[in-house]
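Summary of structural features
Below, each chain spelled out in residue letters.
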Amino acid sequence: MSVAATALGIALLVDVLRVWLPSIITIFGQAAATPAELMGAFALMWFVLALGAPPLVRRVGPRPVLLAAAIVLGGCRAGLGATDGGQVQLYVASFGLLAGLVWLAATAAGTADPTPGLVLGLAAGTVLHTALDTLDLTWRTDPLSWVLTGAMVAAFLALSWRAESAPGPVRAAPWLLVGPALLLSGMIAGSPALATTAVSYLYGGAAGTAGSNPLGDTWPGVVTAAAVALFAGAGLARPPRGPMRWLAPVPLLAGTVMFVVPPTTLLIPAILLTAVGLGACLAQAAPAAPVVPAAPAAPQAPAAPEAAAATGSAAAATTRGPAGVPGSGRPGMRAGFAVVGGMVVFAVGAVLYYSAYDLGYPNQWVPVVLALFVAAVVMRRPVRRPGSAVRRPLLVTVAAAVATLLAAVAVPNNAVQVREPEPGPVRVVAYNVRMGFGLDGRFDLAGLVDVVAGQRADVVALSEVDRAWLLNGGHDTLALIADRLGMRYVFAPAADAVWGDAILTRLPVTETRTVRLTPVGAPTGAQALAAVLDTGIGELVVVSTHLQPPPDDGPVVQAGEVVRFATGYAAGRPLVVAGDFNTEPGDPAFQVFTDAGLVDALAPARPLPTAPADAPDEQIDHIFVSAGLTATDAAAPPSTASDHLAVAVTLDRART
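Because the structure is predicted, anything quoted here is derived from the model rather than measured.

Below, the discussion takes up the packing of helix H12 (residues 249–260) against helix H17 (residues 365–380). Contact geometry for H12 and H17: axes closest at 8 Å, N-to-C directions at 175°. Considering their axes alone, H12 and H17 lie roughly antiparallel with respect to each other. Residue-level contacts link Pro249, Leu252, Leu253, Thr256, Val257, Phe259 and Val260 of H12 to Pro367, Val368, Ala371, Leu372, Val374, Ala375 and Met379 of H17. Within the contact of H12 with H17, the residues separate by chemical class into 13 nonpolar, 1 polar and no charged.

Encoded structure:
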């Protein structure tokens, strides 16, 4: 199998995963209506089914299976852009994933060294994801996106058709690392969204908050380009010899630890260390190049028939299966099981990390355990190849880094001019955006932006904001929304460093603060983010929050914490508290806010149900204001761009 074909196949498989993973949550999971255990079982089923691929490859041969799987993978990848979401999207992505796993098993049977193709495929995927501003081709409907998708699929199929089995020993260890490498790259080392988030923490107005630079910058692109260079350079370079080989996993372990521990300023070194460590481990696990025997000095006498037969039988045992197909014997079968097993590790790791936010157990150890798994595989039987299978690896590494940086520079950044406040009322919107996914399971950025823009909002409080979760496709949803609205943002994490709540505005932000809320048995974390804005009605304190009710109870404890934080921080200044409160008017948690003297700004428009978006029958999204403010023109514009409706209100100072 050629390096180029493997690299393109990896890139297409990652594209499919970026659709399949959020489809499991939004379509099969139905916005947390499906138990997390059932979602996990459904997800793992597709990986378990792929365990039948290695025996099929051994019986039929790698080439027919590879070509058939490549056609299905390419077809599903192209078809994802044509679906309208829903069950069709879920199952097209699922069959594309299964085809990708079968393709990997067939590729493993005929490829001695997966490292160059894997490294280049992941690097190319990062470059493309950066160039697209993390909004993948799958979610775009313009003609250019269709052309690019078609070109990628066509090139992959053409290269797969022409590819030949590569000579050399087929070892299982390098293939076992494909799955963990995909997960660690998508979560940390190859995530441009994480780079953007990491840099934004440098502009936060307070510890634990992230903010957009009002002038815009290219530092996220520099971080991503450096990560690509370190990953590709380490992955394609000649691994160190002797005791130095034991150092390969050290930066990988250090990077994953920095990713999961505070402070958030460690995110940038976490990205870079994980990138170089992951690349070094992949290079270290690569098999040695085959030894070519020297030509005999003199003609040799023909071997005895018995000896020749024994030699031929031994060769056939390592290269031929029962059907006599080269590459389909036991070494190829072991490699096939190894690559599918490694992808099972991918699935288990992803499920364990992300389902923690539904089931409520600590998940910080998952990336570190994955790094330890990679280290154990690499150190168990380290075999070094004498050189890279890619010509001029240094040139390739530099080209990848430059391409990443150019891709980042070419993307319009969030350079927002701060607007001086004009006298007059302020329009406030609160919106739970469900990580950007609509009820149909499609990433509906345009729909979300249309809702907010249609309200002519001055201030927006966002809930369920995702900035880099691979589970949701690896988008920086907050930066994408803010850029299209021409607003600056302030972000505060609620779960890990890249999932939480935000405030968007064009008005001057003079101060920010965030506080963590007590979990009280609720799995997903919660916080309250406060920002002081200079508005047309004077200084205004805005608090964005998303209360998480404990099982079989209301979020009374968290409501009390938000009230104490918000009123104490406002200290008599005009105050707005907005977001998804997961409580209805009249409930005990709702009464906590009104008993504290805050006014329900949406009361004149009730009933104003906000969830579920397609047939709302409960109002769980609210805007509370202090007594010195008047609220008019309350609205909940209809839309299925999220599973919640946005709520909006116009605020002015009370007339005396």
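Turning our attention to the sheet that holds strand E8 (residues 538–546). Here we have 6 strands laid out as an open sheet, ordered E6-E7-E8-E9-E11-E10, and mixed in their pairing. In this open sheet, the two edge strands, each paired with only one partner strand, are strand E6 (509–516) and strand E10 (599–600). Bridge count for strand E7 (residues 527–535) against E8 is 8 bridges, and the pairing is antiparallel. Residue pairing in the sheet places Ala530 in a bridge with Val543 of E8. In the packing of helix H22 (residues 588–595) onto the sheet, the strands contacted are strand E9 (575–580), E10 and strand E11 (621–625), and the crossing angle to E11 comes to about 15°.

Here we come to the packing of aromatic side chains. Applying the stated rule across the entire model yields 21 aromatic pairs. Summarising the aromatic geometry, the rings of Tyr353 and Tyr357 are spaced 6.2 Å apart at their centres and angled 80° between planes, so their arrangement reads as edge-to-face. Judged by its relative accessible area of 10%, Tyr357 falls in the buried class. An aromatic cluster is present here, built from Phe28, Phe42, Trp46, Tyr91 and Phe95 joined pairwise through their rings. Just above the ring of Trp161 sits the side chain of Arg63; from NZ or CZ to the centre is 5.3 Å. Here Arg573 stacks its cationic end above the ring of Tyr569, 5.7 Å away from the centre of that ring.

Attention now goes to the nonpolar core. By size, the foremost hydrophobic cluster in this structure holds 145 residues, and its most contacted members are Trp20, Leu182, Tyr431 and Leu504. Beyond its immediate stretch of four places on either side in the chain, Leu182 contacts Ile10, Leu13, Val14, Leu17, Leu122, Met343 and Phe346. Counting 29 residues, the second-largest nonpolar core is a separate cluster that includes Val459, Ala461, Val647 and Leu651.

Before going further, it helps to spend a moment on the confidence of the model for the protein. Segments scoring low in pLDDT should not have their predicted coordinates read at a detailed level. Put simply, the protein has an average pLDDT of 87, and 87% of its residues get 70 or more. Confidence scores differ between elements of the protein, with helix H14 (residues 305–319) showing the lowest mean pLDDT of 40 and E9 the highest of 98. Contacts from residues 290–326, a stretch scored under 50 in pLDDT, to residues over four places away or in other chains number 24 contacts.

This part covers the pairing of E11. The element E11 is largely enclosed, with a buried count of 5 among its 5 residues. Bridge analysis of E9 against E11 gives 5 bridges, and the strand direction is antiparallel. Residue pairing across strands places Ala578 opposite Ile623, the latter belonging to E11. Pairing of E10 with E11, which is carried by 2 bridges, proceeds in the antiparallel orientation. When the sheet's bridge partners are listed, Asp600 is paired in E11 with Phe624.

Among the surface-exposed residues, Leu202, Tyr203, Trp219, Val222 and Leu405 lie close enough to one another that they form a single nonpolar patch of about 470 Å² accessible area. For Trp219, the position within the fold is in helix H11 (residues 219–236).

Within the open sheet, the 7 strands sit side by side as E1-E4-E5-E3-E2-E13-E12. Their pairing is mixed. In this open sheet, the two edge strands, each paired with only one partner strand, are strand E1 (210–211) and strand E12 (629–635). The sheet contact formed by E12 and strand E13 (residues 647–653) spans 5 bridges and is antiparallel. In the strand pairing of E13, Leu629 is matched with Arg653.

The rules we used
Residues numbered from 1 in each chain as written. Predicted model: local features only at pLDDT ≥ 70, side-chain atom pairs only at ≥ 80, totals over all residues. Heavy atoms only, no water. Axes fitted to C-alpha atoms, helices over the stretch in contact; angles between N-to-C directions. Helix = DSSP H or I, 4+ residues; strand = E, 2+ residues; numbered from the N terminus. Parallel < 35°, antiparallel > 145°, perpendicular 65-115°, else oblique. Contact = heavy atoms within 4.5 Å. Nonpolar A, V, L, I, M, F, W, Y, C, P; charged D, E, K, R; others polar. Pairing = 2+ DSSP bridges. Phe/Tyr/Trp six-rings, centres within 6.5 Å; stacked < 30°, edge-to-face > 60°. Buried < 20%, exposed > 50% of the residue type's maximum accessible area, 1.4 Å probe, protein only. Lys NZ or Arg CZ within 6 Å of the ring centre and 35° of its normal. Core = buried A, V, L, I, M, F, W, Y, C linked by side-chain atoms within 4.5 Å. pLDDT = per-residue confidence, 0-100. Patch = residues over 30% accessible without salt bridge, like charges linked within 9 Å, V, L, I, M, F, W, Y side chains within 5 Å. Areas by Shrake-Rupley, 256 points an atom, 1.4 Å probe, with all protein chains shown as cover. Salt bridge = Lys/Arg side-chain N within 4 Å of Asp/Glu carboxyl O.

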